[in-house]
Amino acid sequence: MTETEKQIKVTGKERPKIGVYVCHCGINIAGVVDVYKLKDYALSLPDVVLAREYKFMCSDNGQSLIKDDIEAGLINRVVVAACSPRMHEPTFRITCKEAGLNPFLFEQANIREHATWVNMNDSEGAYEIAQDHIRMAVAKARMLLPLEVQRVSVEPSCLIIGAGIAGMNSALDLAKEGYKVYLVEKTPTIGGHMAQLDKTFPTMDCSACIITPRMVDVAREKNIELLTYSEVVDVAGYVGNFEVTIKKKPHYVDQEACTGCGACVESCPVSVGNEFELGMAPRKAIYIPFPQAVPGQYTIDMENCIQCGICARPDVCEPDAIRYDDKPEFLKVKVGTIIIATGWDPYDPTPLKQYGYGRYPNVITAFQMERLLSSYGPVLGKPVRPSDLKAPHSIAFLQCVGSRNFREGGNNYCSRVCCMYATKQARQYKEKHPESDVYIFYMDIRAFGRGYEEFYESAAENYGINYIRGRIAEVSEDKDHNIIIRAEDTLMQTPIEVKVEMFILSVGLEAVANAADIASLLSVQRSADGFFMEAHPKLRPVDTLTDGIFIAGVAQGPKDIPDTVAQAKGAASSAAVLMSQGEVEIEPYYSVVLDHLCSGCRSCQSLCPFGAIDFDEFRKVAIVNPALCKGCGTCVSACPSGAMVQNHFADFQLNSMINVAIKQSSVENGGK
Amino acid sequence: MNEKKDLKYGFFLGCVAPNRYPMIEASIRAVFEHLGAELYELEGASCCPAPGVFRAFHIPTWLVIAARNITLAEELGVDIVTGCNGCYGTLRDAWYELEHEPELKKMVNEHLAKVGRKYKGSIEPKHVVQVLYQDMGIDYLKGFVKHKFSDLKVAVHYGCHIVKPSDKRPWGGEYECPTFLDEIVELTGAKSIDYKDKFMCCGAGGAVRTAVKEVAADFSREKLKNIRDAGCDIIIDCCPFCHLQLDLGQMEANSVYKDMIGEPYKIPVVYITQLLGLAFGIDPNRLGLVKNHNLTGVSPFIPVEPFLKKVKEQLT
């Protein structure tokens, strides 16, 4: 008896009867290789009892070909040679299941991405590669074993990281559906960047007026546990059963005792730049970020506090709420799903020295301009320039600062909101100072959203804002701190020099500074641009590749507010789907310990990144917890005695593929 | 004074310094000796060849000749150093290409084999300023300064090849507003004045001076206007070709653009090691700042006397 026959004897009841189905995929495959020849080739492989080709195997008709063959008892294993298993493996598994075959007796050969697409102009080469893939898939199919999917229950609760407009919307939706939500925010207040904006384009809604009611709703909602000034420090577990550790940073103020009178703020001697005002106004070391902050809790910023003790004096803090020895608290919660809504950081234009930010006082970023324009900002909505605190008679915006930049120090992508916010700010300034000159230097104006093009047209037509197509080469400063811009007007094909009194950089959006830490904490991927990566760019825009974890808002990539809210609601809906089902299927790819081979060395236990391996002290063997095991295979490759077997990727299954991959298998006639 | 070891370099002269500004070469030799660095002669060195001219016509020829020059220092087992931005541009760009493109290295070595040479890639081409700033460092240089020229206002001119292309230069990707040369200048107590379009070309580069002298002079005119407007006493540069353009170019601008200029330009142009040497207390004769008989009729075209007069008090 050969090794393979022995294996079949041991594991299967009957000899494999494999059906191979070659898909044309329209002309994606059939246009490059001869699918009829491939079908004949498949028939020559061992244990292949029938082979068919069809235009689209994934279509209803294609699937019923497979179903009919299984139901007629012709085959008991299925190989489909088509596209990537990422696309249609689930489709064909369901087909098998519906026809009464264990879905794990299916194998897919990817002859589209791996063969015909990458070798479009080399049909012979592509044919050879397609043959290899089919041969390997058939070899594995002979070795497949039936497996059972596992079901685990899903905790009806959700962790949302970030309480900006995205996190708040997801939280409200889930809470109203009846799920418990833990909303974690690292700053002392919810609201995010949207709370800093003055007005929103293109409708000119007052941003604060539309976001503060939402903030109040969040605070009032019973099902939302608001954890501000907190950070997620550890995430363990798996879909449906995450165990999350949250660190509540010390406020150094007893929130129960504090009456919010604000006497401490008045008496605090330390003044530092207020983050909420982007450094353009001071705050004290004891502070609330802004008047409408939710929750309206006072916090001592210990990095700047000198612990002078004034605020703790009984004549200052009558309720005696100051706690200099406050310690962080750690909270453990169990959640079924997680939504990442960590938002963004503005691009820091300091490295682009040609634009003078940080060198010339009258060069500011558009987010600073937003605060200057804000009616509750540092100058109550009457913008002045930093050097002399006078209203500038001329201002210029530069677009795409740090965006669409393929040189050092910039991001390649378009930040999507800058064209519109610059247009909006230009209009606002023009409304306040109709006599002023306003310029916008741009590469392209991308006015893609609803009402955006009209908004832009009106800015140019009715407001007399000067749009100049061309990037600015450099700026310099004259004696009065005016900014001299040197640029090329690429429409007029002429170099131009313009002097303005204030220069505003329309900086782009970047992934948050600690995105890498969050990604490793949650085991989710990021794209090359630094933002969190969705599972599929078209069809799964709010899922990550880690089950049970979703993304919302700018955390996934730059977006405007309507898109952010839409995606936040989408993420909430996806999380709710999982939680409403109550349980979830887990693929049975976990590792199994062969007790009689395990020597109890515990190598696997120390290496397992998911803590899925326990040790039976009595029998001295390793035990795998299937629910925690992610099927990474680390333990299998580490095991010195070959006692670890990973379901569906067992050594004998992979070896059978390798054997036929490196040499043409001797053509046994498997019952042709 | 802290000791620095192993400051040994093959000195690549280039064309402009030995032919037109021997005082630049003299001052580099004097200052390096003073700082305890050893300069080896590169016998048989050719033209670098010039990046604007040769490379523009035929890149492989440019690369092979540049590689040959680098092998001269490789034989001596020392880094190659040059005081010229153009030579630096060629040697460093060629070195960078050869380090990153094995195919080019193979091609170059096929040609070099014909003259019995081989490019190994064992050394790094450096600029005199790079050696001062990075190999020695500001703190090291500080220890040698004897005289401080506190009321000297300097217009620093970097030139182009020393900072660009930034990915092939050792300044950490900095290309808009480098400060390394200003920092060296300010060691001498002089003040580096920020002037308009400080990083503008001198006018000579890219064979512009060779092809259309009036255009080159127009560049210089604008640059000189900005320098004069900022109230600078002298110009400090680190490239013999920029030196030529800013020095002789003043006379050319004065005559071609007479009507635009008004008062003719007379701004002394001084090479960085000349200024540094003076601050270190090296004899001005050795730095080529005082004209002796042999140099009669040779540049500089704009007298440096106003500069010497300005620093005289601090020297004595």
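What counts, and where the lines are drawn
Residues numbered from 1 in each chain as written. Chains lettered and ligands numbered in written order. Predicted model: local features only at pLDDT ≥ 70, side-chain atom pairs only at ≥ 80, totals over all residues. Helix = DSSP H or I, 4+ residues; strand = E, 2+ residues; numbered from the N terminus. Rg over C-alpha atoms; globule rule 2.2 N^0.38 Å. Contact = placed C-beta atoms within 7 Å. Buried ≥ 20, exposed ≤ 12 C-beta atoms within 10 Å, placed from the backbone. Pairing = 2+ DSSP bridges. Axes fitted to C-alpha atoms, helices over the stretch in contact; angles between N-to-C directions. Domains from an automatic or database assignment. Expected span 1.5 Å × (residues − 1). Arc of directions from axis to C-beta. Nonpolar A, V, L, I, M, F, W, Y, C, P; charged D, E, K, R; others polar. Core = buried A, V, L, I, M, F, W, Y, C linked by C-beta atoms within 7 Å. Parallel < 35°, antiparallel > 145°, perpendicular 65-115°, else oblique. Left-handed = near helix turned anticlockwise from the far one by under 90°.

Participant: Tell me about the overall build of chain B, residues and numbers included.
Facilitator: A tally of regular secondary structure across chain B gives 15 helices and eight strands. Taken against the 2.2 N^0.38 rule, which gives 20 Å for 316 residues, the C-alpha radius of gyration of chain B at 19 Å falls within 12% of a compact globule. Each principal axis of the C-alpha atoms in chain B carries an extent, and together these give about 55 × 50 × 40 Å. Summarising the internal contacts of chain B: among those between residues at least 6 apart in sequence, 80% fall at separations of at least 24.

Participant: So what about the overall build of chain A? Which residues, and what values?
Facilitator: Along chain A, the regular secondary structure elements total 17 helices and 34 strands. Taken over the C-alpha atoms alone, chain A extends approximately 95 × 70 × 40 Å along its principal axes. Expressed as a percentage of its 672 residues, the buried residues of chain A come to 43%. Expressed as a percentage of contacts within chain A between residues at least 6 apart in sequence, the contacts between residues at least 24 apart total 69%.

Participant: Describe in detail the sheet that holds strand β12 (residues 241-248) of chain A, supporting the description with residues and values.
Facilitator: Residue and element names in this part refer to chain A. The sheet built from three strands is open, its strands ordered β11-β12-β17 with antiparallel pairing. Looking along the sheet, the strands with just one partner apiece sit at the ends: β11 (230-238) and β17 (329-335). Here the strands of the sheet are splayed against their neighbours by 20 degrees on average, with no regard to which way each runs. Here β12 pairs with β17 via seven bridges, running antiparallel. Its bridge partner lying in β17, Thr245 is registered against Lys332.

Participant: So what's going on with the domain arrangement of chain A? Which residues, and what values?
Facilitator: What the domain assignment reports for chain A is domain 1 (1-149), domain 2 (157-249 + 330-343 + 512-583) and domain 3 (346-510). Centre-to-centre separation of domain 1 of chain A and domain 3 of chain A, based on C-alpha positions: 58 Å.

Participant: Lay out helix α17 (residues 651-662) of chain A in plain terms, naming residues and giving numbers.
Facilitator: Residue and element names in this part refer to chain A. Taking 1.5 Å of rise per residue, the 12 residues of α17 would be expected to cover 16 Å, and the 16 Å separating its terminal C-alpha atoms lies within 8% of that figure. Among all positions of α17, only Gln653, Ser656 and Val660 are buried. Seen end-on, α17 carries its buried residues on one side only, within an arc spanning 60 degrees. Counted as exposed and oriented over 90 degrees from the buried face of α17: Ile658 and Ile662. At its buried positions, α17 is contacted by α6 (123-143).

Participant: Account for the sheet that holds strand β5 (residues 153-156) of chain B, with residues named and values stated.
Facilitator: Residue and element names in this part refer to chain B. With respect to topology, four strands assemble into an open sheet ordered β6-β5-β7-β8, the strand pairing being parallel. Unpaired on one side and paired on the other, β6 (191-192) and β8 (269-271) mark the two borders of the sheet. Summarising the sheet, β5 and β6 pair through two bridges and their orientation is parallel. Within the sheet, the bridge partner assigned to Val154 lies in β6 and is Ser192.

Participant: Run through the pairing of strand β27 (residues 502-507) of chain A, naming residues and quoting values.
Facilitator: Residue and element names in this part refer to chain A. Summarising burial for β27: six of the six residues are buried, a large majority. Where burial is concerned, the two faces of β27 agree: the one with Met502, Ile504 and Ser506 and the one with Phe503, Leu505 and Val507 are both buried. Relative to β27, strand β20 (residues 363-365) runs parallel, the two being bridged by three bridges. Paired with Ile364 across the strands is Ile504, a residue of β27. The sheet contact formed by strand β21 (residues 394-401) and β27 spans five bridges and is parallel.

Participant: Any chance you could break down the interface of chain B and chain A for me, citing the residues and the numbers?
Facilitator: Across the contact, five residues belong to chain B and four residues belong to chain A. Split into classes, the residues belonging to the side of chain B that touches chain A amount to one nonpolar, two polar and two charged.

Participant: Explain the nonpolar core to me, using residue names and the numbers behind them.
Facilitator: In this structure, Ile160 and Ile340 of chain A are the most contacted members of the largest nonpolar core, which totals 128 residues. The dominant element in this core, judged by the number of residues it contributes, is helix α14 (residues 561-581) of chain A, at eight residues. Each of domain 2 (157-249 + 330-343 + 512-583) and domain 3 (346-510) of chain A contributes no fewer than three residues to this core. Non-local contacts of Ile160 of chain A, meaning those with residues more than four positions away in its chain, are made with Gly167, Ser170, Ala171, Val181, Tyr182, Leu183, Val184, Ile339 and Ala341 of chain A. In terms of nonpolar packing, the next biggest core, distinct from the first, is built from 92 residues, Ile24, Ile28, Val81 and Phe219 of chain B among them.

Participant: Could you give an account of the domain arrangement of chain B, with specific residues and numbers?
Facilitator: Residue and element names in this part refer to chain B. As far as domains go, chain B holds domain 1 (8-128) and domain 2 (145-315). Taking only C-alpha atoms, the centre of domain 1 and the centre of domain 2 are 24 Å apart. Listed by contribution, the elements that provide at least two residues to the side of domain 1 that touches domain 2 are α1 (16-20), α2 (22-34) and α5 (85-100). Among the elements that make up the side of domain 1 that touches domain 2, the one with the highest residue count is α2 (nine residues).

Participant: Before we move on, can you summarise the packing of helix α11 (residues 418-432) of chain A against helix α12 (residues 452-461) of chain A with the specific residues and values?
Facilitator: All names here are of chain A. Running from N to C, α11 and α12 cross one another at 40 degrees; their axes reach a closest spacing of 10 Å. In terms of their interaxial angle, α11 and α12 are classed as oblique. For the pair α11 and α12, the crossing hand works out as left-handed. In this structure, α11 uses Met420, Thr423, Ala426 and Arg427 to contact α12, whose residues at the interface are Tyr452, Phe455, Tyr456 and Ala459. Considered class by class, the residues forming the contact of α11 with α12 number six nonpolar, one polar and one charged.

Participant: I'd like a rundown of α2 of chain B, residues and numbers included.
Facilitator: Residue and element names in this part refer to chain B. Its 13 residues give α2 an end-to-end C-alpha distance of 18 Å, which sits within 8% of 18 Å, the value for a rise of 1.5 Å per residue. Summarising the contacts, the buried residues of α2 are in contact with α1, β2 (38-41), α7 (128-136), α12 (240-256), β8 and α14 (272-280). Directly beyond the C-terminal end of α2, a positive phi value near 80 degrees is found at Gly36.

Participant: Would you mind going over the environment of Leu35 of chain B in detail, with residue names and values included?
Facilitator: Residue and element names in this part refer to chain B. Tracing the backbone shows Leu35 in the loop between α2 and β2. Considered as a pair, Leu35 and Gly143 are 108 residues apart in the sequence and their alpha carbons are 9.8 Å apart. The contact partners of Leu35, leaving out residues within four places of it in the chain, are Met136 and Phe144.

Participant: So, the packing of helix α10 (residues 366-373) of chain A against α11 of chain A: which residues are in play, and what are the values?
Facilitator: Residue and element names in this part refer to chain A. Interhelical geometry of α10 versus α11 gives an angle of 35 degrees and a closest axis separation of 11 Å. Along this stretch, α10 crosses α11, giving a crossing that reads as left-handed. On α11, the residues touching Ala366, Met369, Glu370 and Leu373 of α10 are Tyr421, Ala422, Gln425 and Gln428. In terms of residue class, the contact of α10 with α11 is made up of five nonpolar, two polar and one charged.

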